[in-house]
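Listed here are the chains, written in short residue letters.
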Amino acid sequence: MQIHDLGGDAWTVRALSGPVPEQLREPLTAGIPATVPGVVHLDLLAAGLIPDPYDGENEAAVQWIGLTDWEYSRTFDWAGTGEARTQLAADGLDTVATVTLNGVEVGRTANQHRGYRFDIASLLRDGDNELRVTFRSPVEYAREQEAVLGERPHTNHHPYNAIRKTAANFGWDWGPDLATSGIWKALRIESWSGARIASVRPLVALDGSAGRLTAHVALEWAGSDLVDVSLDLEGQVLSASAQPGVAEIVLQLEVPDVELWWPRGHGKQRLYPLTVTVPGQRWESRVGFRDITLDTAPDDAGTPFTIVVNDRPVYAKGVNWIPDDTFLPRITRNSLERSLTDAVEANVNLVRVWGGGIYESEEFYDLCDELGLLVWQDFLLACAAYSEDEPLWSEFEAEAREAVTRLTAHPSLALWNGGNENLVGWVDWGWRPRLAGASWGDRYYTELFPGIVAELAPGTPYSDGSPFGFSKYVHPNDPAHGTVHIWDVWNQVDYTHYRSYRPRFVSEFGFQGPPNWSTLTAVVHDEPLDPFGPQMLVHQKANDGNGKLDRGLGAHLPQPRDIDTWHATTQLNQARAVGYGIDWFRSLFPLNTGAIVWQLNDCWPVVSWAAVDGLGGRKPLWYALRKAYADRLATIQPSSAGVALALHNDSTEPWSAHVVLRRITLDGTELARHETDVLIEARSLERLELVTELLVPADPTEELVVAELSTGERALHYFVEDTKLALRDDALIIETARDGGEVVLRLSCASVVKDIVVHADRVDPEAVTDDSLITVLPGETRELRIRTSAEPEAFTSAPVLRSVNDLTRQHPAGCRARRSRETTTNTTLPVTDPASGVAATASRDDT
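Residues numbered from 1 in each chain as written. Predicted model: local features only at pLDDT ≥ 70, side-chain atom pairs only at ≥ 80, totals over all residues. Heavy atoms only, no water.

## Description of the overall build of the chain
Regarding its fold elements, the chain presents 18 helices and 42 strands. Summarising its shape, the C-alpha atoms of the chain cover approximately 90 × 70 × 65 Å along the three principal directions. Across the 847 residues in the chain, those meeting the buried criterion constitute 60%. Pairs at least 24 apart in sequence give 70% of the contacts found in the chain among residues at least 6 apart. Across the chain, the mean location of the 73 positive side-chain charges is 2 Å away from that of the 120 negative side-chain charges. (Helix = DSSP H or I, 4+ residues; strand = E, 2+ residues; numbered from the N terminus. Buried < 20%, exposed > 50% of the residue type's maximum accessible area, 1.4 Å probe, protein only. Contact = heavy atoms within 4.5 Å. Lys, Arg positive; Asp, Glu negative; His and termini not counted. Charge placed at Lys NZ, Arg CZ, Asp CG, Glu CD.)

This is the structure:
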C-alpha cells in the first residue's frame, strides 16, 4: 500500500456564506491558512482573526462561526502509482461535508462519528490536483433536519438530536456553545492492489488456563489472486490463504497458560502484541485475555449491577469522562495520559465515556488498557429523543458498527451502553405528549445496538441506557434496580440526602464547584470579581448554578463574605458533598457495587462538577476522590443499631488492624475510649458498632469521635455542623522548610484544625500539592509538600491556606446578598419522593 498524507498546513479555509462579521469578510472570502487535522475555530485563532473563545465573554462573539458554511481546499502533486485501486480515506469530517476533486464531486458525508472512503483513481491526474471539502453550517443543518425529521425533545437550545455530531459541541450545562467545522481527523490517499485489510476484530475467550484468540479479518479487494493473511500474536504465527472476493477470513490461535489482563487493583495488565498482515499492509494492536460479564440477576433486594472480570466481582470506583477539549484536534496522547493519570492517582478503576461526547481515539483506549482502567462506553445519544427514520437509522448503524469493530481489541472495554438519560426522559420528562406517537429512539436501545454488540463483540455486556433498571416494568431510575442517576442532590436537596438512598449502582451523581483560582482568573476578568459578574456567568452554564452553590452550603458552612471565601468555601463544599456520597455508598457494600462520579475532567475553564479543571488543576474534589476511593476505607455511618464504623476492604489481601475509638474535645482531651481488633477479608466489609459512651457528648459543639486504625486509616465523626462547632481560628501552628524543589509545611495545632486546603496555584499556577483536606488533631504533626520554586511563607496564610476554622469565623455578607441574574424559560420537573424507590431527579439540569 502506498499512502499520500494530505494533512499539514498546505490548506486554505474560506467562508462561503453566513453571518461573517463585516471586518472579516475580505480575508475570509479570500481564504486564510488552515491546518489538517483541525477545525475552523483553531485556524481563525491561529490567524489572529478571533479572540480566544474560552476567554471572558468571547464565546458569544464567535457564535457566527457555527452559523457559517466553510470550504477547505488545497492542491497536491500526483504521479500514478501503478496500483489497482486508489481511495481517499477520511477518518473524520466534522460534519456535513461535500468532497470534490478537480471539480468533480467525490462524495458527501453527514456523520462526525465515522470514517469514509471514496474511490478516486479516475479523477486523479498527473501533476497538480485540487481537493475541496465544503462544510455546511452545523447549526443551520441541524435546524433543517429537525424540520424534515420532526421536532423532538432535547436539552439545551440547538436540535443536536437531528445531526450526527458531538452533542456537547452545541453547548451543555458545563460546556460552551462552539459548534465546530473541519477535517478533524487524518485525511490521506491510499493506493493498493490485491487485498486491503478493512478491519480486524480480535475476540478473546478463556478455557481453563488457556486463552483463545479469534481474529475476524475483513478484506476489501482489487485483484483476482489468492492473498496470504498472516497473524502474529507475540511470536505465535498463523497464516491462511484468502480466496478472491472473500469478505472476511477468520484466524484462531490457542494460547496455553495465558496471562490474564486485570483492571487496576486486581492484578497486572498483561497485553499481547498482535499483528495481522497481507502483502503490502500491516495492522497492529494489542489484546488482553480476560472475561467480562455483568450480573443483573434479580435478588431479594431488587436488581444488582455488578461488573465481573475473570469471575471476580469488581467494585467500580468510577468517573464520568467528557471530551478533554472542546476543540477535539488539540487533544493529544500526552494530554490524554495526563488526564487518565489524574484518574489512576485518584484510585479510579473505571471511566465512563459519556454519550454526549465522542468515541475516543485509539490513544485513549490504549492508555486505559495499559493503566487498567475499565471503560464503560456509551453509544452517542444523550438527553434527547431521536428519530428512528432514515437517514438517521442508517447513520447510527454505520457508526455503531465501526465503533464496536474498532474497539473490540481493547481489554479495557467492559460495557456498551445504549445512551444517557434517554429512557428516563421518555418516562419522566414529558416527552410522550410532545412526540404524539413519533419514534424516540427505543429501537436503537432495544434492537439495533444490542444486535450489533451481540454480532460483533459477543461476550461484551450491554445495557439499554443509563440509568436503567433492566426491566420494562420498573422505573429506569429506581435505585433498587440496576443503575441510578442521583441529581435531586445538587438540584433540590442537601447532600446529606444521599443517605436516603440504598442504590445498587450509581452511574451519575456529583456537585459543582469553581475551578482553581488561577484557572478562574485566567478567563474571568470582572472588576470586581464576583460570582454573578457577567464573565463569571459565561463560565457558569448550569441552570441557577450559583444559586445552587449558595443553597448547597446549607448549615454545613457559613455564607461567604467576599470572592476569596466564596471560592474556598464552594470548592470545599463540592469536595465534601461528593466524598459524603461515596462514603455512604461504599458502606452499603455488597448491596452497592459501585459509583461513577460526574465528572473527572472539563473541556474548558468553567464552574462545573469536575474534579480536575479545564487547565488541568486538581481541585479539592480530586483529593476527596483519592481518599474516598482508597482500597481501604474507614467511615463512620448510621446503622440499624445506631452508629457504626464501616470498614470496606477493596483489596486483594485481608485487612487486619487494631482499632482505637475515642471521644475527645477539640483541644484533645480524651473523654471516652474503646479498643478492639478487626479482620476484614479481601473484597468485603465489616461494621463495628460504636459503644454508647462514644456517642453521648457532654458538649456537642466541643467534641468529636476519632477512629484510628493501626494500619493508618482514620475516620472522624462530629456531633454538629461546622457552623456550630467551636473551632478556633488561631489554633494552627505552621513550620516551613524547603526540600529541593519542594516547599514543606509542617502543621500542628493546639485545637482541632479541620479540612486544611492549600490553594497553591494562587501563588504559582504550576504548583502541585501532595495532599489536601487535611484535619490536624492536637498532639500530631502533619506534613504538606508543594512542588514549586516560590517562597515557603507565601503558602502559610489566607487566601492561600484555608481551613474550616478560618471560614467559619467569617461573617456572612456580600456574596449571599447578590441576586442571580441567570434566567431560564424552562420549567421544573415533577419531583418524586426518593423514599418511594424512584430518584427525584435523574438529570443534572432540573429543567
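Let's pick the thread back up.
## Let's talk about helix H10 (residues 442-456)
Counted at 1.5 Å a residue, the expected span for H10 with its 15 residues is 21 Å, and the 21 Å between its end C-alpha atoms agrees. Most pronounced at phenylalanine 449, the bend in H10 amounts to some 30°, and the proline proline 450 follows within four residues. Those residues of H10 that fall on the buried side of the exposure criterion are Tyr444, Tyr445, Leu448, Phe449, Ile452, Val453 and Leu456. Looking at the buried residues of H10, the elements they touch are strand S11 (194-207), helix H7 (392-407), strand S24 (413-417), helix H8 (422-428) and strand S25 (462-463). (Expected span 1.5 Å × (residues − 1). Bend = angle between axes of the 7 residues up to and from the residue.)

## Let's talk about unusual backbone geometry
Here glutamate 527 and proline 528 are connected by a cis peptide whose omega angle stands at -5°. When you line up the elements, proline 528 lands in the loop between helix H12 (517-523) and helix H13 (534-538). For the peptide bond that leads from phenylalanine 589 to proline 590, omega is 5°, which places it in the cis range. Assignment of secondary structure puts proline 590 in the loop between helix H15 (563-587) and strand S28 (594-597).

## Considerations on the confidence of the model for the chain
Looking at the chain, pLDDT values average 95 and 96% of them are 70 or higher. Confidence drops under a pLDDT of 50 for residues 811-840, and excluding neighbours within four residues, the segment shows 67 contacts in the predicted structure. (pLDDT = per-residue confidence, 0-100.)

## Looking at the sheet that holds strand S36 (residues 732-739)
Reading across from one edge, S36-S37-S41-S39 is the order of the four strands in this open sheet, with antiparallel pairing throughout. The open sheet has two edge strands, S36 and strand S39 (768-769), and neither has a second partner. Where S36 lies against strand S37 (residues 742-749), eight bridges are found, and the strand directions are antiparallel. Each bridged residue has a counterpart across the sheet, and for alanine 737 the counterpart in S37 is valine 744. (Pairing = 2+ DSSP bridges.)

## Here we look at the environment of serine 587
With respect to the element layout, serine 587 can be found in helix H15. Judged by its relative accessible area of 5%, serine 587 is buried. The spatial distance from the C-alpha of serine 587 to the C-alpha of alanine 798 is 35 Å, given a sequence separation of 211 residues. Setting aside anything within four residues of it in sequence, one finds serine 587 in contact with Thr635, Gln637, Ala646, Leu685 and Arg687.

## A few points about the pattern of salt bridges
Following the criterion strictly, the structure yields 57 salt bridges and no others. A salt bridge links aspartate 722 to arginine 576, with the nearest nitrogen and oxygen atoms 2.4 Å apart. Pair noted here: aspartate 722 is in the loop between strand S35 (714-718) and S36 and arginine 576 is in helix H15, with a separation of 146 residues, a long-range link. A relative accessible area of 15% places arginine 576 in the buried class. Glutamate 708 is the partner of arginine 662 in a salt bridge, and the nearest nitrogen-oxygen pair spans 3.4 Å. (Salt bridge = Lys/Arg side-chain N within 4 Å of Asp/Glu carboxyl O.)

## A word on the packing of H15 against helix H16 (residues 620-628)
Look at H15 against H16: their axes get within 8 Å of each other, and the N-to-C directions meet at 20°. Viewed along their axes, H15 and H16 adopt a mutual orientation that is roughly parallel. Of the two elements, H15 crosses H16, and the hand of that crossing is right-handed. Contact with H15, carried on its side by Gln571, Gln574, Ala575, Val578, Ile582, Asp583 and Arg586, involves Pro620, Leu621, Ala624, Leu625 and Ala628 of H16 and no other residues of that element. (Axes fitted to C-alpha atoms, helices over the stretch in contact; angles between N-to-C directions. Parallel < 35°, antiparallel > 145°, perpendicular 65-115°, else oblique. Left-handed = near helix turned anticlockwise from the far one by under 90°.)

## Let's talk about the environment of valine 319
Locating valine 319 in the fold gives a position in strand S21 (residues 316-321). According to the relative accessible area criterion, valine 319 is buried, its value standing at 0%. When the C-alpha positions of valine 319 and valine 348 are compared, they lie 7.1 Å apart, and in sequence the two are 29 residues distant.

## Some details on helix H4 (residues 138-149)
The end-to-end C-alpha separation of H4 is 16 Å, in line with the 16 Å expected for 12 residues at 1.5 Å each. By the burial criterion, the buried members of H4 are Pro138, Val139, Tyr141, Ala142, Gln145, Glu146 and Leu149. Viewed along the axis of H4, the buried residues span an arc of 160°, placing them on a single side of the element. Summarising the geometry of H4, the exposed residues directed more than 90 degrees from the buried face are Ala147 and Val148. At its buried positions, H4 is contacted by strand S6 (96-101), strand S7 (104-110) and H7. Backbone geometry just downstream of H4 places glycine 150 in the positive-phi region, at approximately 105°. (Arc of directions from axis to C-beta.)

## What to know about the packing of H7 against H10
Interhelical geometry of H7 versus H10 gives an angle of 35° and a closest axis separation of 10 Å. The handedness of the crossing between H7 and H10 is right-handed. Touching Leu392, Trp393, Phe396, Glu397, Ala400, Arg401, Val404 and Thr405 of H7 are Arg443, Tyr444, Leu448, Phe449, Ile452, Val453, Glu455 and Leu456, all from H10. The class makeup of the residues in the contact of H7 with H10 is 11 nonpolar, one polar and four charged. (Nonpolar A, V, L, I, M, F, W, Y, C, P; charged D, E, K, R; others polar.)

## Looking at the packing of aromatic side chains
Pairs of aromatic rings are described using the distance from one ring centre to the other and the angle between the two planes. Tallied over the full model, the rule gives 41 aromatic pairs. Residues tryptophan 11 and tyrosine 72 carry aromatic rings whose centres are separated by 6.5 Å and whose planes lie at 70° to one another, so their mutual orientation is edge-to-face. Linking tryptophan 11 in strand S2 (residues 8-17) with tyrosine 72 in strand S4 (residues 69-78), this pair joins segments that are 61 residues apart in sequence. Assigned by exposure class, tryptophan 11 and tyrosine 72 land together as buried. Measuring from centroid to centroid gives 5.6 Å for tyrosine 54 and phenylalanine 327, while their planes differ by 10°, and the two rings are stacked. (Phe/Tyr/Trp six-rings, centres within 6.5 Å; stacked < 30°, edge-to-face > 60°.)

## Quick word on the pairing of strand S41 (residues 782-787)
Judged from the six bridges that link them, S37 and S41 form a sheet pairing that is antiparallel. Bridge assignment links valine 743 to a residue of S41, and that residue is isoleucine 786. Of the pairings in the sheet, the one linking S39 to S41 comprises two bridges and is antiparallel in character. Note that in S41 the partner of threonine 769 across the bridge is isoleucine 786.

## A closer look at the environment of threonine 652
Its place among the elements puts threonine 652 in the loop between strand S30 (642-649) and strand S31 (655-665). Residues within four places of threonine 652 in sequence aside, it is in contact with Gly265, His266, Arg312, Ala682 and Arg683.

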